[in-house]
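# A structural walkthrough
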Amino acid sequence: MSTGSRYVIDITRAVDGTNGPKTSRQNAAMMNITSTASTPLTSVTQNSSNSTAAPGFIDQILHDLPFPLWALYAILAAGGLVVLVVICLCICCYCKRKKSRKKKKKHQLELKGLEAASGAALVGSGRDDNGYGSNQKKRGKLLYSLDYQATKTELTVGIKQAAKLMAMDLGGSSDPYVKVYISPSRTKTYETKVHRNTLSPLFNEHFTFQVTRSVLAASAVVMQVFDFNRFSKHDIIGELRVDLSSVDWNHVIEEWLDLSDPLKCEPEDLGEICISLRYVPAGGRLTVVVLEARNLKSMDLGGSSDPYVKVQLALDKRKWKKKKTSIKKKTLSPYFNESFSFDVPFDHIQRVHLVVSVWDHDAVSRNDAMGKIFLGSDASGNQLMHWADMLANPRRPVGQWHTLLTAEQVNSTLVLKRKLALPKMISRQR
């Protein structure tokens, strides 16, 4: 029995209410319902036929293609790959653009901060400008020691060694030595020995200063490292300045410190003098040649001086004979080239001191001292080295430039006694 027949029987039963025989009215009603019910069945049948026809249409299209089916699949795969590549490229471009914008924004912020910092630098900051004019070069470091004996009022400054000094010579090395003095009094200035062709010299030298406790609290010890040059000005490599008022004297101070740039407000430069020494042991003759001076201190109102040089010889720190050069008018860099000879027996050469001083001549008033040095076995630094070079090279002249010191500095180190006549020793000038 079909579905439509079941619908007719069920409806007939619903109208009749019983399962008995059908009347004519019931037959007519059943016919109408049958016609009505047949309509949806037809549409259902048509829809079913259409749904079965769709696969046949697609197959027909695929069958009518002018190329094989695998080629279609290849085209679809290639198209999908192209679309995927395009999407990836778009994503990469977007990320790159976003990153570029972020970097540009950061760069703009940095430039803004730099401009602000530059403006602050132009206006000036509240910090001290201690480093103004400094080239901030690495000048090396120095190991030093400080020891103060309160009972003896003695300050001992030890110059131990230096390391990684700045090269001042063309060969990439230096000839370093160290000057030590107490500032601001500067009554004495000591110098270490010169060490040739090294940037890490080992000194191990100690110098003693007589300093009271009250003066110590207002002083500083200055250690200046120089590069030695025999015939030109010595170049300063760097310096250390240690404030003595803040030092704990309960124990010995020993430490490494980096060398700093030399201060521009150094004590007054008195100039330099170049002299030549020659000693002949066989004849017992010492020859001193005053060659020239330069950058002397101005002593006259016109900004110049009238310099001359005194050459004095002392035996056992007792004043002896002295000679002097001619006067050079109105110059701060005089040229002398004047020679003096002294008879000094070989057994006395270690007891002799040579004092060279520069004076400004005044016709009316007293002559003024401009600078002074002394050479001999009790000298130090460049003066001692010059004296030793003279003894090591007999019969040969040895010339060298020396930095002038104040008369107080020399006199405090070399305390000369009153002059005594030595009849067997005669000085003569040639």
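Residues numbered from 1 in each chain as written. Predicted model: local features only at pLDDT ≥ 70, side-chain atom pairs only at ≥ 80, totals over all residues. Heavy atoms only, no water.

## Some details on the overall build of the chain
Helices and strands together make up the secondary structure of the chain, namely six helices and 17 strands. Of all 430 residues assigned to the chain, the portion counted as buried reaches 35%. Split by element, the accessible area of the chain, about 26,400 Å² in all, is 57% carbon and sulfur. (Helix = DSSP H or I, 4+ residues; strand = E, 2+ residues; numbered from the N terminus. Buried < 20%, exposed > 50% of the residue type's maximum accessible area, 1.4 Å probe, protein only. Areas by Shrake-Rupley, 256 points an atom, 1.4 Å probe, with all protein chains shown as cover.)

## Side note on the sheet that holds strand β11 (residues 307-315)
With antiparallel pairing, four strands are arranged side by side in an open sheet as β12-β11-β14-β15. Each edge of the open sheet is held by one strand with a lone partner, namely β12 (318-324) and β15 (368-376). Pairs of neighbouring strands in the sheet enclose a mean axial angle of 25°, with direction left out of account. Two strands pair when backbone bridges link them, and strand β14 (residues 352-360) and β15 are joined in this way by eight bridges, in the antiparallel orientation. Its bridge partner lying in β15, Val358 is registered against Gly371. Contacts from helix α5 (residues 381-392) reach β14 and β15 within the one sheet, and its direction differs from that of β15 by about 50°. (Pairing = 2+ DSSP bridges. Axes fitted to C-alpha atoms, helices over the stretch in contact; angles between N-to-C directions. Contact = heavy atoms within 4.5 Å.)

## Some remarks on the packing of aromatic side chains
Inspection of every chain in the model, using the stated rule, returns four aromatic pairs. Relative to Trp249, the ring of Tyr148 lies with its centre 5.8 Å away and its plane at 50°, an arrangement referred to as tilted. Of this pair, Tyr148 sits in strand β1 (residues 141-149) while Trp249 sits in the loop between β7 (235-243) and β8 (253-258), and the two are 101 residues apart along the sequence. In this pair, the class of Tyr148 matches that of Trp249, namely buried. On the numbers, 5.7 Å between centres and 20° between planes, the contact of Tyr177 with Phe226 is stacked. You can see Tyr177 sitting in strand β3 (residues 176-183) and its partner Phe226 sitting in strand β6 (residues 220-227), a full 49 residues away along the chain. Among the aromatic residues, those joined into a ring-pair cluster are Tyr190, Phe207 and Phe209. Between the NZ or CZ atom of Lys310 and the centre of the ring of Trp359, over which it lies, the distance is 4.3 Å. Stacked on the ring of Tyr308, the Lys or Arg Lys324 has its end atom at 5.5 Å from the ring centre. (Phe/Tyr/Trp six-rings, centres within 6.5 Å; stacked < 30°, edge-to-face > 60°. Lys NZ or Arg CZ within 6 Å of the ring centre and 35° of its normal.)

## Let's talk about unusual backbone geometry
Residue Lys164 is not a glycine yet carries a positive backbone phi of 55°. What makes Lys164 exposed here is its relative accessible area of 66%. The phi dihedral of Lys330 is positive, around 50°, even though this residue is not glycine. Relative to the elements of secondary structure, Lys330 occurs in the loop between β12 and β13 (335-343). Residue classification places Lys330 among the exposed positions, given a relative accessible area of 71%.

## Thoughts on the confidence of the model for the chain
On average, residues of the chain carry a pLDDT of 77, and 71% of them reach 70 or more. Within the chain, the element-level pLDDT minimum falls on strand β17 (residues 427-429), averaging 44, and the maximum on strand β2 (residues 154-163), averaging 95. Low pLDDT, under 50, characterises residues 32-53; the predicted model gives this stretch three contacts beyond four residues in sequence or across chains. Predicted confidence is poor over residues 422-430, with pLDDT under 50, and the contacts of this stretch with residues over four places away or in other chains come to 24 contacts. (pLDDT = per-residue confidence, 0-100.)

## Some details on the sheet that holds β3
Strand order in the open sheet made by the four strands is β4-β3-β6-β7, with antiparallel pairing throughout. The open sheet has two free edges, formed respectively by β4 (189-191) and β7, since each of these has just one partner strand. Direction aside, neighbouring strands of the sheet carry axes that sit 20° apart on average.

## Quick look at a nonpolar patch on the surface
Where nonpolar side chains cluster on the molecular surface, the patch consists of Leu81, Leu84, Val85 and Leu89 and spans about 380 Å² of accessible area. Among the secondary structure elements, Leu81 is positioned in helix α3 (residues 69-123). (Patch = residues over 30% accessible without salt bridge, like charges linked within 9 Å, V, L, I, M, F, W, Y side chains within 5 Å. Salt bridge = Lys/Arg side-chain N within 4 Å of Asp/Glu carboxyl O.)

## Digging into the pattern of salt bridges
Two side chains bearing opposite charge may form a pair once their charged atoms approach each other closely. Per the counting criterion, the structure on display carries seven salt bridges. The partner of Asp175 in a salt bridge is Arg196, and the shortest N-O contact between them spans 3.7 Å. With Asp175 in the loop between β2 and β3 and Arg196 in the loop between β4 and β5 (202-210), the pair connects residues that are 21 residues apart, well separated along the chain. For Asp389, the salt bridge identified is with Arg230, shortest N-O distance 2.8 Å. Taken together, the residues span a long stretch of sequence, with Asp389 in helix α5 and Arg230 in the loop between β6 and β7 at a distance of 159 residues.

## Quick look at the side chain of Asn382
Within the secondary structure, Asn382 is located in helix α5. For Asn382, a relative accessible area of 4% translates into the label buried. Setting aside its immediate chain neighbours within four residues, Asn382 contacts Tyr177, Glu191, Val194, Phe228, His234, Gln400 and His402.

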